[in-house]
Amino acid sequence: MSTLCLLVVLSQMAGSATIPADASLDRQFEQLAARYLDEFPALSPVSATALGDHRFDSQLDMISAEARAQKRAFYHKYLEQLSKIKPAQLSRANQVDHTLLENDLEGSLWRLETLQEWAWNPIVYTRLSGSAIYNLMARDFAPLKIRLVHVAERLEQFPRLFRQIRATLDPTRVPLIHAETAIKQNRGVLNILDNLVEPNFDELQKDQRDRLERTMVIAKTAVEEHQEWLEAKLLPNARGDFRLGSQLYDQKLAFVLKTPLTRGEIRERAEKELRLVRDQMYRISQQIYKEKYPYTEFPKDPSPAYKQALIRSCLELAYREIPRPDEIVETAKRSLELATVFLRENDLLTLPPDPVEIIVMPEFKRGVALAYCDSPGPLDVGLKTFYAVAPLPEDWSGEQVQSFLREYNVLSIHDLTMHEAMPGHFVQLALSNRYPGKLRAVLSSGVFIEGWAIYSERMMIDAGFLDGDPLMRLINLKWYLRGIGNAIIDQAIHTEGMTRERAMKLMMEDTFQEEREAAGKWVRAQLTSAQLSTYFVGTVEHFDLRHDVERAWGAKFNLKTYHDKILSYGSPPVQYARALVLNEEIPLKEN
């Protein structure tokens with residue numbers, strides 16, 4: 001039996017730890033889940049392509065009141081059907097999936113009716129137009145000729161799409177930062193046409209090529225008309241508040257995190273963890289400094305300023321090794337090779353056979369994060385994963401470039417690669433997509449995903465990556481501080497009115513981020529909400545889970561066995577992975 005088949009068996013065993021009270025209800029739920037998976041992709045053809053459902057590759061999303069009403073009716077229909085199936089009488093695996101589907105439906109309804117990003121967030125639509133073409137061209141899920149025909153079919157609908165977007169957005173509700181970012185992203189789809197579509201014209205017959213060329217002209221005109229509207233109409237009238245406020249934030253946080261922790265508990269633990277990690281960094285800095293200056297005597301009761309200075313002085317040693325501005329992607333490629341070899345030599349977990357490629361981040365996705373992992377959808381198992389890295393903006397000054405490169409020094413790129421690719425997002429999502437129940441793969445938890453990525457960074461360091469280099473551990477702890485800081489500023493900005501100055505001070509002083517990283521995070525925190533908390537919450541939940549499993553398994557604990565077991569469950573919120581691996585009661589919603 002192959003190791004990947006073993007993962008599937010492990011997940012099936014985990015789901016059948018107890019005999020269901022009513023097998024007919026299991027069949028009823030599984031039939032409902034199958035209908036849901038069959039029907040919901042039609043609500044967003046662009047998202048369906050990303051998932052790997054290619055029945056709608058010729059279509060573009062409808063952005064209208066009628067489309068929203070259709071979604072609303074769909075969510076209510078499935079919530080009503082789901083309410084007739086009591087989760088406590090299902091198998092353990094289906095109890096988890098029942099709860100995930102219910103949470104997703106309620107969350108989708110809340111976003112539609114209460115949050116209403118469709119009316120005030122233009123970035124939703126710049127991502128939509130870019131993804132409409134990019135998702136068709138990025139992966140070889142079908143012959144190129146067929147995908148190019150679908151590109152033409154979608155481009156023909158661009159004028160309608162942008163008209164509907166302009167009719168839907170209320171400029172007075174749009175925050176300024178969202179308007180500014182949309183203006184920067186909107187033309188990104190044109191780069192996709194130039195770089196991914198046009199070079200493949202020769203793949204088509206003359207009539208197909210002529211049609212594609214015509215539709216590209218139509219689409220480019222529609223994009224430029226929309227750009228003019230964004231600059232002339234949306235930007236001058238953008239007066240919305242990017243801060244969600246306590247009520248909306250807490251509601252969104254509950255849907256996103258799906259954790260027992262409250263906002264207050266997250267804040268309290270984050271601030272405590274920040275102090276503990278800084279103390280760890282001080283102790284490691286003493287070790288690094290002592291190796292360089294062996295006769296140093298440190299004060300018995302150092303002041304906070306002394307600790308800060310020593311940590312900074314040791315971080316400066318890591319900042320000496322930086323990539324050239326045009327070599328960030330190449331540096332990441334070398335880092336990926338190094339991490340892959342280390343994982344295989346140390347046999348820390350089962351690696352999937354899927355291909356992974358490092359690419360320059362598409363323009364329509366820039367402006368929020370430096371890098372991301374673009375995995376194939378759960379219905380496109382085995383296709384290529386992209387580890388995307390953004391190039392440095394051309395308008396940055398030399399000082400800004402230097403600030404960025406100090407933050408993303410060579411050791412930091414090692415950490416970034418562990419997070420985004422190996423053994424972080426790429427490995428975890430490739431295995432998650434192999435979970436036999438596709439519903440769980442579709443309804444994946446960002447908390448589990450981001451938490452695993454940060455957990456896996458620390459796991460690699462603890463296993464001796466780079467021969468236990470204390471500078472690598474110091475950089476890793478600095479990156480963990482970033483995750484802690486994310487959780488603090490996320491809620492402080494959206495519920496407490498945290499200013500840019502206060503946020504920058506926390507990031508640059510308390511978590512040692514360079515100015516460019518902190519400035520970018522300030523923008524990201526305005527553009528998003530609740531997502532920045534997933535890193536810290538997921539991390540502490542993964543750390544806590546491993547600690548408890550080590551205690552439960554005792555002498556039988558094996559790191560690879562543990563990793564393969566946890567990754568065999570897909571990507572559910574960590575509390576459900578905990579219940580499955582420790583054979584605890586599945587947390588069910590109280591009705």
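About the thresholds
- Residues numbered from 1 in each chain as written.
- Predicted model: local features only at pLDDT ≥ 70, side-chain atom pairs only at ≥ 80, totals over all residues.
- Heavy atoms only, no water.
- Phe/Tyr/Trp six-rings, centres within 6.5 Å; stacked < 30°, edge-to-face > 60°.
- Helix = DSSP H or I, 4+ residues; strand = E, 2+ residues; numbered from the N terminus.
- Buried < 20%, exposed > 50% of the residue type's maximum accessible area, 1.4 Å probe, protein only.
- Salt bridge = Lys/Arg side-chain N within 4 Å of Asp/Glu carboxyl O.
- Core = buried A, V, L, I, M, F, W, Y, C linked by side-chain atoms within 4.5 Å.
- Contact = heavy atoms within 4.5 Å.
- Axes fitted to C-alpha atoms, helices over the stretch in contact; angles between N-to-C directions.
- Parallel < 35°, antiparallel > 145°, perpendicular 65-115°, else oblique.
- Left-handed = near helix turned anticlockwise from the far one by under 90°.
- Nonpolar A, V, L, I, M, F, W, Y, C, P; charged D, E, K, R; others polar.
- Expected span 1.5 Å × (residues − 1).
- Bend = angle between axes of the 7 residues up to and from the residue.
- Pairing = 2+ DSSP bridges.
- Polar contact = N/O pair within 3.5 Å; in protein donor to acceptor, adjacent residues only side chain to side chain.

Asks: Hey, could you go over the packing of aromatic side chains for me, with residue numbers and the actual values?
Replies: As enumerated under the stated definition, the model contains 21 aromatic pairs in all. Residues Tyr-36 and Phe-74 carry aromatic rings whose centres are separated by 5.9 Å and whose planes lie at 35° to one another, so their mutual orientation is tilted. Of this pair, Tyr-36 sits in helix 2 (residues 23-39) while Phe-74 sits in helix 4 (residues 65-83), placing them 38 residues apart in sequence. Each member of the pair, Tyr-36 together with Phe-74, is buried. Seen in terms of ring centroids, Phe-74 and Tyr-75 are 6.1 Å apart; in terms of plane orientation they differ by 75°. Their pairing is edge-to-face. Judged on exposure class, the residue Phe-74 and its partner Tyr-75 are both buried. Members of the aromatic cluster, connected to one another through ring pairs, are Tyr-36, Phe-40, Phe-74, Tyr-75 and Tyr-78.

Asks: Tell me what's going on with the pattern of salt bridges, and back it up with residues and numbers.
Replies: For the coordinates displayed, the defined rule picks out 36 salt bridges. A salt bridge links Arg-324 to Asp-326; the nearest nitrogen and oxygen atoms lie 3.2 Å apart. Judged by relative accessible area, Arg-324 falls into the partly exposed class, the value being 48%. A residue is classified by how much of its surface remains accessible, and Asp-326, at 56% relative accessible area, is exposed. We note a salt bridge from Arg-434 to Asp-354, for which the minimum N-O separation is 2.8 Å. Pair noted here: Arg-434 is in the loop between helix 19 (425-432) and helix 20 (438-442) and Asp-354 is in the loop between helix 16 (328-346) and strand 1 (356-360), with a separation of 80 residues, a long-range link. Put simply, Glu-407, Lys-478, Arg-482, Glu-517 and Lys-521 are held in one network by salt bridges that share partners.

Asks: Describe the nonpolar core, with residues and values.
Replies: In this structure, Ile-133, Phe-158, Val-197 and Leu-212 are the most contacted members of the largest nonpolar core, which totals 180 residues. A total of 14 residues in this core trace back to one element, the largest contributor, which is helix 22 (residues 470-496). Each residue touching Phe-158, except ones within four places of it in the same chain, is listed here: Leu-60, Ser-129, Ile-133, Val-189, Ala-219, Ala-222 and Val-223.

Asks: With reference to specific residues and values, describe the packing of helix 2 against helix 5 (residues 92-115).
Replies: Two packed helices can be described by the angle between their axes and the distance between those axes. Direction vectors running N to C along helix 2 and helix 5 enclose 40°, while the axes themselves pass 11 Å from each other. Taken together, the axes of helix 2 and helix 5 are oblique relative to one another. The crossing of helix 2 and helix 5 is left-handed. The residues of helix 5 that touch helix 2, namely those facing Asp-26, Phe-29, Glu-30, Leu-32 and Tyr-36, are Asn-94, Asp-97, His-98, Leu-101, Asp-104 and Leu-105. Grouping the amino acids of the contact of helix 2 with helix 5 by side-chain chemistry returns five nonpolar, two polar and four charged.

Asks: An account of helix 7 (residues 123-137) is needed here, citing residue identities and associated values.
Replies: Look at helix 7: 21 Å from first C-alpha to last across 15 residues, which is about the 21 Å you get at 1.5 Å a residue. At Ser-131, helix 7 is bent by approximately 35°, the largest bend along its length. Along helix 7, 13 of the 15 residues are buried, which leaves the element largely enclosed by surrounding structure.

Asks: Describe the environment of Gly-554, with residues and values.
Replies: Inspection of the secondary structure assignment puts Gly-554 in the loop between helix 25 (533-553) and helix 26 (559-567). We classify Gly-554 as partly exposed; its relative accessible area is 38%. The sequence separation of Gly-554 and Ala-48 amounts to 506 residues, and the corresponding C-alpha distance is 44 Å.

Asks: How would you summarise unusual backbone geometry if you had to cite specific residues and measurements?
Replies: Geometrically, the link from Met-422 to Pro-423 is a cis peptide bond, its omega value of 15° lying close to zero. The residue Pro-423 is located in the loop between helix 18 (410-420) and helix 19 in this model. A positive phi angle, near 75°, is found at Ala-530, a position not held by glycine. Inspection of the secondary structure assignment puts Ala-530 in the loop between helix 24 (515-527) and helix 25. With a phi angle near 55°, Asn-583 is a residue other than glycine that sits in the positive phi range. Assignment of secondary structure puts Asn-583 in the segment after helix 27 (574-581).

Asks: I'd like to hear about the sheet that holds strand 2 (residues 371-374), residue by residue, with values.
Replies: Hydrogen bonding along the main chain pairs the strands of a sheet, whether they run parallel or antiparallel. Read from one edge of the open sheet, three strands run 1-3-2, paired in mixed fashion. At either end of the open sheet lies a strand with only one pairing partner, and these are strand 1 and strand 2. Direction aside, the axes of adjacent strands within the sheet are offset by 20° on average. Bridge analysis of strand 1 against strand 3 (residues 385-389) gives five bridges, and the strand direction is parallel. Bridge pairing links Glu-357 to Phe-386 in strand 3. Sheet contacts for helix 16: strand 1 and strand 3; angle to strand 1, the most-contacted strand, approximately 165°.

Asks: I'd like a description of the side chain of Thr-296, backed by residues and values.
Replies: Within the secondary structure, Thr-296 is located in the loop between helix 14 (263-292) and helix 15 (304-319). A relative accessible area of 15% means that Thr-296 is categorised as buried. At 2.8 Å, the side chain of Thr-296 forms a polar contact with the backbone oxygen of Tyr-293. Beyond its immediate stretch of four places on either side in the chain, Thr-296 contacts Tyr-289 and Lys-290.

Asks: An account of the packing of helix 21 (residues 446-462) against helix 25 is requested, with residue identities and associated values reported.
Replies: The interhelical angle for the contact between helix 21 and helix 25, taken along N-to-C directions, is 65°, at an axis separation of 7 Å. The chirality of how helix 21 crosses helix 25 is right-handed. Of the residues in helix 25, those touching helix 21 at Gly-446, Val-447, Phe-448, Glu-450, Gly-451, Trp-452, Ile-454, Tyr-455, Arg-458 and Met-459 are Thr-534, Tyr-535, Val-537, Gly-538, Thr-539, Glu-541, His-542, Phe-543 and Arg-546. When the residues that make up the contact of helix 21 with helix 25 are grouped by side-chain class, the tally is nine nonpolar, six polar and four charged.

Asks: Explain the environment of Ile-123 residue by residue, including any values.
Replies: Within the secondary structure, Ile-123 is located in helix 7. Linking Ile-123 and Lys-365, residues 242 residues apart in sequence, is a C-alpha distance of 9.5 Å. The residues touching Ile-123, leaving out its near neighbours within four places in the chain, are His-178, Thr-181, Ala-182, Gln-185 and Leu-527.

Asks: Could you give me a rundown of the environment of Thr-385, with the residues and numbers involved?
Replies: Topologically, Thr-385 is positioned in strand 3. Take Thr-385: its relative accessible area is 2%, and that puts it in the buried class. Along the backbone, Thr-385 and Gln-70 are 315 residues apart, and their C-alpha atoms lie at a distance of 33 Å. Among residues more than four places away in sequence, those in contact with Thr-385 are Arg-139, Pro-355, Val-356, Glu-357, Cys-373, Asp-374, Ser-375, Pro-376 and Phe-426.

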